[in-house]
Each structure stands twice: as C-alpha cells, then as structure tokens.
Amino acid sequence: MKQHALQTAMALYEGETLDLQTAASQAGVTPDRLRRAVRRAGGTVVPTSTSVARVSVTAHQIGSTWPRHGDPKRFVRPFRTTVVTRRPVQFVIGLVAGSHVVNHAYMLLFAPAFPLLRAEFGVSLAAVGLSLGVVNMAVTAGQLPLGYVSDTYSHTAVLVGSLVVGTVGCVLAAIAPTYEWLIASAVVIGLGVSGHHPAHYPLIAAATTDEYRSRAYSIHGFAGALGPALPFAVVSAAVAIGLGWRAAVAAVAALGLVYTLLTVLAVRRIPRSISHA
C-alpha cells in the first residue's frame, strides 16, 4: 500500500498536476520520500518557487479514474503506467548490457586461439592455458577494490575505466612479441574486466524499481552470456580467411574501442542520482 501511495504521488508530480509538497500530501507520503524517489528515477525536483502552475485535482478527475466495479482502493492503478519516464532506465540497462558483452568477450579472448598461441610462442598447451588463468586471477583481485571505488566515487567512472583498461589489454595482446608479453597483457585485461560488475549492478539497482528490476538483471545476464561466444566466432572467421589470431584479437579490441568511445559519450546522459547512487 505504501508503494502504491508513492507511485500515486510521483504520478501527480511528474504529470505536472500538483507541486511536490501537495502531491506528497495528497498521496499520504512525506515530501522527502517523494523527492528521493523522483531523483532515484532520474526525474528533476523543481523548487516550489519556480515550478510551473499545476492544476488542482478535482472530484471529477478522481472520479474518472475510479473503477465502476471492484475494490475502490484500486483507483491508484491507472497511475502506475505514468509514474516517470522509463527512457533513462532503458538507456542504463542497454548501456550496461553492451558493456557486459564486451567484458565477457575479453575474459575468454585467448581460449579459441590456444593452438595458434602454442605454435606462435613455442610453449606448452598448459602454458597457454595459464594466460586464461591469469586473466581470471586479475579479475578476482580487482573486484573488491573497484567495488569500493564504485560506491565511493562514481559507478559510471568505473564502467568507463573498466572498458578502457580491458581494451588496452586486448591491444597489447594483439601485438605481443613474446609469451611473457602475452601474460602481461592478460593481467591488464583482467584488471579491466574486474570493474564491470562493481559498476553494472549498482547502476541497474539505482535506475530501476522493484516492479521490473528482475527483468533488468535478466537482460544484463543474457547479454553477458553472449559475450563469450564473440571471440570464438571472430577467431574462427579470421582463421578461415587466413588472417590469423592477431587479426582476430585486434578485431575484438576494435569493437571494444568503439563501444568504449560510445560509452564515454553516453554516460553524460545518466543522471547523477543514478551514477552516484
């Protein structure tokens, strides 16, 4: 019931029917709670002194939303589709889903090229497999520190930083002249990838409400499952046309670079109430 009251208050305020104080009073919630909810959803709280004129809710208007049959308490349901615009929510979900694809592609970048890397550097298959282990060890080492940075400073800064560092690691791998260089690039890739979860989860949590948060996480997880398939497809295609593993790794790095640049521009559209929640 409290959630319905808050949704009603937000509908009245966002629909420019009432100012914030009056909308909160009409719905039976505190102004502070309504103010926090609006900011969480990416809306703007307009000071009362500068807000546009809002018309009063008349008995006729309330009556027009009251159902002819059933429980009178259901009058709040028509407001649920007009609480706030979902565009910032969809934007954030799309952005982190794309990042999930890229980061998970980086995590398994070396796996489809194991035989090629073994021949290139003249090492055992176990040594080549170590490169993948190093990536995951670096991911593990970076999770907790970057979680602190994400909470303390900015989720979007960690999101961008993760993509930048991971992409740099892929470029280093593509030009690796020695096995030791390859292992060093695996460390860089892992440190980059370690930041994507500490950035993604709080962004989704801050941008969504309980009503559809589970669906948002499902989309995020689905995108992450697509990521590991990317290196296998790219390496297979590159080998089939005679370009080799370096071209395949460079192609994945180029894709990541493009997405990183788009993300740098896109995060400016995310409200501070979400990026620093």
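Residues numbered from 1 in each chain as written. Predicted model: local features only at pLDDT ≥ 70, side-chain atom pairs only at ≥ 80, totals over all residues. Heavy atoms only, no water.

1. Examining the side chain of Ser-131
Put simply, the rule is: By the criteria applied, helices consist of DSSP H or I runs no shorter than four residues and strands consist of E runs no shorter than two, each listed in order from the N terminus. Two N or O atoms count as a polar contact when they lie within 3.5 Å, although within protein this holds only if one can serve as hydrogen donor and the other as acceptor, and sequence-adjacent residues are included solely when both atoms are side-chain atoms. A contact between two residues is defined here by any heavy atoms of the two lying within 4.5 Å.
Relative to the assigned elements, Ser-131 resides in helix H7 (residues 125-152). At a separation of 2.5 Å, a polar atom in the side chain of Ser-131 contacts the main-chain carbonyl oxygen of Val-128. If sequence neighbours within four positions are ignored, Ser-131 has contacts with Phe-110, Phe-114, Leu-182, Ile-183 and Ala-186.

2. A look at the pattern of salt bridges
Heads up, the rule is: In what follows, salt bridge is the name for a side-chain nitrogen of Lys or Arg lying within 4 Å of a carboxyl oxygen of Asp or Glu. Here's how the labels work: a residue is buried when its accessible area is under 20% of the maximum for its type, exposed when over 50%, partly exposed in between, all with a 1.4 Å probe on protein chains only.
Scanning the entire structure with this criterion turns up 2 salt bridges. Glu-120 serves as the salt-bridge partner of Arg-246, at 2.9 Å between the closest nitrogen and oxygen. Placement of Arg-246 in helix H13 (residues 244-266) and of Glu-120 in helix H6 (residues 114-121) is noted, with a sequence separation of 126 residues between them. Take Arg-246: its relative accessible area is 26%, and that puts it in the partly exposed class. The partner of Asp-210 in a salt bridge is Arg-213, with the nearest N and O atoms 2.6 Å apart. Take Asp-210: its relative accessible area is 62%, and that puts it in the exposed class.

3. Some details on the environment of Ile-93
Counting through the fold element by element, Ile-93 comes out in helix H5 (residues 87-107). For Ile-93, a relative accessible area of 11% gives the class buried. Spatially, the C-alpha atom of Ile-93 lies 8.4 Å from that of Tyr-217, the residues being 124 residues apart in sequence.

4. Some thoughts on the nonpolar core
We count it as follows: In this text, buried Ala, Val, Leu, Ile, Met, Phe, Trp, Tyr and Cys residues form a nonpolar core when linked through side-chain atoms within 4.5 Å.
Within the largest apolar cluster, 52 residues are counted, with the highest numbers of intra-cluster contacts made by Phe-110, Leu-117, Phe-121 and Ile-189. A per-element tally of this core places H5 first, with 8 residues. Not counting chain neighbours up to four residues away, the residues in contact with Ile-189 comprise Tyr-106, Leu-109, Phe-110, Val-135, Gly-166, Gly-169 and Cys-170. Counting 5 residues, the second-largest nonpolar core is a separate cluster that includes Ala-24, Val-29, Leu-34 and Val-38.

5. Some thoughts on the side chain of Thr-208
Along the polypeptide, Thr-208 turns up in the loop between helix H10 (196-207) and helix H11 (213-226). Judged by its relative accessible area of 5%, Thr-208 is buried. Of note is the side chain of Thr-208, whose polar atom sits 2.7 Å from the backbone oxygen of Ile-204. If sequence neighbours within four positions are ignored, Thr-208 has contacts with Val-89, Ile-93, Arg-213 and Ala-216.

6. Focus: the packing of H6 against H7
Keep this limit in mind: Only the stretch in contact is used when fitting a helix axis, every axis being a line fitted to C-alpha atoms; angles between N-to-C directions are given from 0 to 180 degrees. Handedness of a crossing is defined here by the sense of rotation of the near helix relative to the far one, left-handed for an anticlockwise turn of less than a right angle and right-handed for a clockwise turn.
H7 packs onto H6 with a crossing angle of 120° between their chain directions and a minimal axis gap of 9 Å. As H6 packs across H7, the resulting crossing turns out to be right-handed. Two secondary-structure elements touch here, H6 through Phe-114, Leu-117 and Arg-118 and H7 through Leu-125, Val-128, Gly-129, Ser-131 and Leu-132.

7. Notes on the packing of aromatic side chains
Cut-off, in case you're wondering: For this analysis, a ring pair means two rings from Phe, Tyr or Trp (six-membered ring only for Trp) whose centres lie within 6.5 Å, classed as stacked if their planes differ by under 30 degrees, edge-to-face if by over 60, and tilted for the remaining angles. Ring-over charges, as used throughout, are those where CZ of Arg or NZ of Lys falls within 6 Å of the ring centre and within 35 degrees of the ring normal.
With the rule as written, the count across this model stands at 2 aromatic pairs. Above the ring of Phe-91, the side-chain terminus of Arg-269 is found at 4.4 Å from the ring centroid.

8. Focus on the confidence of the model for the protein chain
When pLDDT drops low, the exact placement of atoms in the prediction is not to be read closely. Counted only if it meets this: Values of pLDDT, the confidence the predictor places in each residue, fall between 0 and 100.
Summarising the model, the protein chain shows a mean pLDDT of 82, and 77% of its residues fall at 70 or more. Within the model, pLDDT remains below 50 along residues 48-85, and this stretch shows 42 contacts once partners closer than five positions in the same chain are excluded.

9. Considering the packing of H7 against helix H9 (residues 179-193)
Heads up, the condition is: Each angle receives one of four descriptions, namely roughly parallel if under 35 degrees, roughly antiparallel if over 145, roughly perpendicular if within 65 to 115, and oblique otherwise. Amino acids outside the nonpolar list (Ala, Val, Leu, Ile, Met, Phe, Trp, Tyr, Cys, Pro) and the charged list (Asp, Glu, Lys, Arg) are all regarded as polar, and Gly is one of them.
H9 packs onto H7 with a crossing angle of 30° between their chain directions and a minimal axis gap of 7 Å. In terms of orientation, H7 and H9 fall into the roughly parallel class. The crossing of H7 and H9 is right-handed. Counting all contacts with H7, which are made through Ala-127, Val-128, Leu-130, Ser-131, Val-134, Val-135, Ala-138, Val-139 and Leu-146, the residues of H9 involved are Tyr-179, Leu-182, Ile-183, Ala-186, Val-187, Ile-189, Gly-190, Leu-191 and Val-193. Its residues assigned to classes, the contact of H7 with H9 shows 16 nonpolar, 2 polar and no charged.

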